[in-house]
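Fold and geometry: a report
Residue-level listing of the chains:
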Amino acid sequence: MQRTIRRRAAVILAACALLAACARTPPEQALRRTLDAMQEAATARDAAAFSAYLADDFVGPGGMDRDAARRTAALYFLQHARIGLETGPLTIEMGQGHATVRFAAAATGGSGRLLPDRAQVYQVRSGWRLEGDEWRLTSAEWTPTLR
């Protein structure tokens, strides 16, 4: 009887472990969710939530570090009552524990009136690293396409 109970418990534990392994989100899908969450944080004008996705060793244009990126986002959010950020199709190159994502992004900022005060379209190239189960932005370059 004791042996049967142990076997059943072992089978149940193995089944649970198998189900948990199958339930893991594929890396590209998890990365896409992270990108969506960052876009939502920007639209909500939440610099802390936005910068939570930046790696500690993040590097942006001109040597921008993680703290400078957070401050830049906070300043932009303070300057504009409404923020819009729309991204075009993502081109994702997956590697073992890292990824590169390229896309076009249209950013708008305004006082809350009908039309935005500012708008720009950028070509963006970003580098990502998987840290545990979380994707972190390690680098970003953006080039304005409207002059």
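Right, let's walk through the structure included here. (Residues numbered from 1 in each chain as written. Predicted model: local features only at pLDDT ≥ 70, side-chain atom pairs only at ≥ 80, totals over all residues. Heavy atoms only, no water.)

**Quick look at the overall build of the chain**
Within the chain, the secondary structure is distributed over four helices and six strands. Helices and strands appear in the chain in the N-to-C order α-α-α-β-α-β-β-β-β-β. Relative to its full complement of 147 residues, the chain shows a buried share of 29%. Excluding contacts between residues fewer than 6 apart, the proportion of contacts in the chain whose partners are at least 24 apart in sequence is 48%. If you sum the accessible surface of the chain, you get close to 9800 Å²; carbon and sulfur atoms cover 56% of it. (Helix = DSSP H or I, 4+ residues; strand = E, 2+ residues; numbered from the N terminus. Buried < 20%, exposed > 50% of the residue type's maximum accessible area, 1.4 Å probe, protein only. Contact = heavy atoms within 4.5 Å. Areas by Shrake-Rupley, 256 points an atom, 1.4 Å probe, with all protein chains shown as cover.)

**Regarding the layout of surface pockets**
Considering only enclosed or pocket space, the largest pocket measures out at about 960 Å³ in volume. Ala42, Phe50, Leu85, Ala107 and Trp142 are, among the 34 residues lining the largest pocket, the residues nearest its centre. Mapped onto the lining of the largest pocket, the elements with two or more residues apiece are α2 (27-43), β1 (54-59), α4 (66-79), β2 (82-87), β4 (98-110), β5 (118-131) and β6 (134-144). Class assignment for the residues of the lining of the largest pocket results in 25 nonpolar, seven polar and two charged. (1 Å grid on protein atoms, 1.4 Å probe; cavity = no way out; pocket = protein on both sides within 12 Å on 5 of 7 lines; lining within 4 Å. Points joined across faces, edges and corners; volume = space filled by probe spheres on them. Nonpolar A, V, L, I, M, F, W, Y, C, P; charged D, E, K, R; others polar.)

**Digging into the nonpolar core**
Residues Leu31, Met38, Phe58, Val101, Trp128 and Leu137 are the most contacted members of the largest nonpolar core, which totals 27 residues. Secondary-structure elements contributing two or more residues to this core are α2, α3 (47-51), β1, α4, β4, β5 and β6. Setting aside residues no more than four positions away along its own chain, Val101 makes contact with Leu31, Leu35, Leu90, Thr91, Ile92, Val124, Arg125, Ser126 and Trp128. (Core = buried A, V, L, I, M, F, W, Y, C linked by side-chain atoms within 4.5 Å.)

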